[in-house]
Structures are given as C-alpha cells and as structure tokens.
Amino acid sequence: MKTSIIIPTKNAGQEFKEVLKSIFQQSEKNFELIVIDSGSHDETIKIAKSFPTKIYKIKSEDFGHGKTRNLSLKYAKGKYIVFLSQDAKPLNNKWLSNLLKNFKDKKVAGIFSKQIPRKDAPITERFFYNYYFHNTKTTRPKSKNNNFLDKIFFSNVSSAIKKDILKKHAFNENLIMSEDQQWAKDILGNGFKTLYEPTSIVI
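**Q** Please clarify how the overall build of the protein should be interpreted in this entry.
**A** Helix and strand counts for the protein stand at 8 helices and 8 strands. Relative to its length of 203 residues, the protein is compact, with a C-alpha radius of gyration of 16 Å against a globular reference of 17 Å. In terms of principal-axis extent, the alpha carbons of the protein reach across some 50 × 35 × 35 Å. Looking at the protein as a whole, 50% of its 203 residues are labelled buried. Within the protein, contacts between residues at least 6 apart in sequence are counted, and of these 75% link residues at least 24 apart. Accessible area of the protein: about 10,300 Å², with a carbon and sulfur share of 52%. Mean positive and mean negative side-chain charge positions of the protein (36 and 20 charges, respectively) differ by 7 Å.

**Q** Please clarify how unusual backbone geometry should be interpreted in this entry.
**A** Among all residues save glycine, negative phi is the norm, and among peptide bonds the norm is trans. Following R140, the chain continues into P141 via a peptide bond in cis, with omega recorded as 10 degrees. Turning to its location among the elements, P141 is positioned in the loop between β6 (138-140) and α6 (149-152). Positive phi is not limited to glycine here, since N11 has a value of about 50 degrees. In this structure N11 comes out as partly exposed when scored by relative accessible area, which is 34%. With a phi angle near 65 degrees, S178 is a residue other than glycine that sits in the positive phi range. Following the sequence through the fold, S178 ends up in the loop between α7 (163-168) and α8 (179-189). What makes S178 partly exposed here is its relative accessible area of 33%.

**Q** For this particular structure, what's the right way to read the environment of D105?
**A** Looking at the element boundaries, D105 is found in the loop between α4 (95-100) and β5 (108-115). With 13 residues separating them along the chain, D105 and R118 place their C-alpha atoms 32 Å apart. In this structure, D105 is in contact with K162 and K193, ignoring residues within four places of it in sequence. Polar contacts involving the side chain of D105 include one to the side chain of K193, which spans 2.6 Å.

**Q** It is not clear to me how the layout of surface pockets should be interpreted in this structure. Could you clarify?
**A** Over the atoms, a rolled probe matching the size of one water molecule traces out where space is still vacant. Computed from the structure, the largest pocket encloses a volume of approximately 540 Å³. Lining the largest pocket are 24 residues, with H65, R69, S85, V157 and D180 sitting closest to its centre. Residue assignment for the lining of the largest pocket shows that the elements contributing at least two residues are β1 (3-9), α3 (65-72) and α8. Among the elements that take part in the lining of the largest pocket, α8 stands out by supplying 3 residues, more than any other. Taken together, the residues of the lining of the largest pocket break down into 9 nonpolar, 10 polar and 5 charged. Taken as a whole, the second largest pocket holds about 190 Å³ of empty space. Forming the boundary of the second largest pocket are 13 residues, of which D87, I116, R118, Y129 and I203 lie nearest the centre.

Conventions and cut-offs
Residues numbered from 1 in each chain as written. Predicted model: local features only at pLDDT ≥ 70, side-chain atom pairs only at ≥ 80, totals over all residues. Heavy atoms only, no water. Helix = DSSP H or I, 4+ residues; strand = E, 2+ residues; numbered from the N terminus. Rg over C-alpha atoms; globule rule 2.2 N^0.38 Å. Buried < 20%, exposed > 50% of the residue type's maximum accessible area, 1.4 Å probe, protein only. Contact = heavy atoms within 4.5 Å. Areas by Shrake-Rupley, 256 points an atom, 1.4 Å probe, with all protein chains shown as cover. Lys, Arg positive; Asp, Glu negative; His and termini not counted. Charge placed at Lys NZ, Arg CZ, Asp CG, Glu CD. Polar contact = N/O pair within 3.5 Å; in protein donor to acceptor, adjacent residues only side chain to side chain. 1 Å grid on protein atoms, 1.4 Å probe; cavity = no way out; pocket = protein on both sides within 12 Å on 5 of 7 lines; lining within 4 Å. Points joined across faces, edges and corners; volume = space filled by probe spheres on them. Nonpolar A, V, L, I, M, F, W, Y, C, P; charged D, E, K, R; others polar.

Have a look at this one:
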C-alpha cells in the first residue's frame with residue numbers, strides 16, 4: 001500500500017459524500033481510505049460505508065487534533081499518510097498525485113496542498129487563503145529563523161507526511177489546535193524540509 005488517506009470526522013454532513021466521491025476519482029489509485037469518527041449523530045457513517053472505506057470509531061471526548069492523527073498510524077498500512085479534513089474537497093483528479101510527487105526529495109518530510117475558498121466564504125477568509133495559499137511552490141526552511149508563522153506554515157487540512165518520520169516525530173497531543181504548525185517547526189528544526197504544492201488543490 002502506497003498511501004493511507006486519513007479523515008477525522010464528526011457530523012460531516014451531506015457534503016461529505018462529494019468529498020469521498022472526489023477522492024475515489026483520483027488518477028492515483030494505490031491508496032486506502034480510513035475514516036476515524038468521534039461520535040457523529042448524522043449520516044456520516046452511512047455515507048462512509050457507501051464507499052470502500054475503513055471506519056474506526058472513538059469517543060467524542062477522546063478526540064484531539066494531534067492525538068487522533070497519531071492514533072491513525074495504528075491502522076494505516078501506507079508508506080505515506082495523507083490527512084484530509086472532512087469538508088476539504090479535492091478540486092480535480094490530480095490532487096493526490098500532485099501531492100505525492102514531491103517525496104522524490106528524500107529530505108522532504110511533509111507536503112501540504114493549496115486551499116481555495118468556497119464561493120460563499122466571507123472576505124476575511126478569502127484574504128487568509130490568498131495570503132497563505134498562493135500559486136508559487138515553496139520549500140521550507142527558507143531561512144534559519146523559523147520563529148514566525150509564515151516561516152513554518154503547514155496545514156493538515158490537506159497534507160502528506162512520510163509515515164516513518166511521523167512515527168519518530170509525532171504530533172503534540174497537548175495542543176488544542178495548530179498541531180500542524182508545531183510539527184512543522186519541530187521537523188524543520190530536525191533538519192527536514194516541508195513543501196507547499198499549489199497544484200494539489202482542495203476547496
């Protein structure tokens with residue numbers, strides 16, 4: 001198995017069906033899809049079961065952004081771990097292949113995708129997306145000073161990380177949020193690189 005796609009879910013809604021449909025339309029077919037659900041009360045599980053997915057359930061109180069993603073390694077068979085948010089829909093069938101192609105560089109530990117806002121997104125969100133998700137491929141570190149967010153920025157909304165590296169450098173489970181930023185800062189400090197791939201796109 002080349003890739004394990006991990007989606008943490010809770011009450012993902014009907015749009016979750018479109019996310020899964022887009023995943024299974026990818027040109028890259030060598031993957032497994034794992035859903036880790038933390039107490040959905042809607043049709044999330046039913047939707048997931050209508051696709052070839054592996055579903056694992058945890059208690060709502062056991063969920064944590066870092067904790068749940070670390071837990072996923074217990075189930076994942078892939079060489080690469082791809083994290084995707086339940087509401088992040090791949091734009092086209094090259095989302096996965098364009099993300100994974102960057103692992104040809106052995107120093108690259110993780111890659112994250114371009115995010116584009118939905119049509120009804122407020123102007124503040126549009127500003128955020130335009131600032132951090134531009135059209136230029138970017139490799140970090142860009143400098144030795146990695147104490148500022150734009151120097152370490154990384155996003156698990158859509159990301160790929162080498163499993164062997166994630167096993168050694170796990171996400172911080174004590175953080176309420178921004179486990180991806182902390183991981184990126186740590187991984188850069190350990191001599192690895194991260195990469196932003198603007199041709200891998202999610203909505």
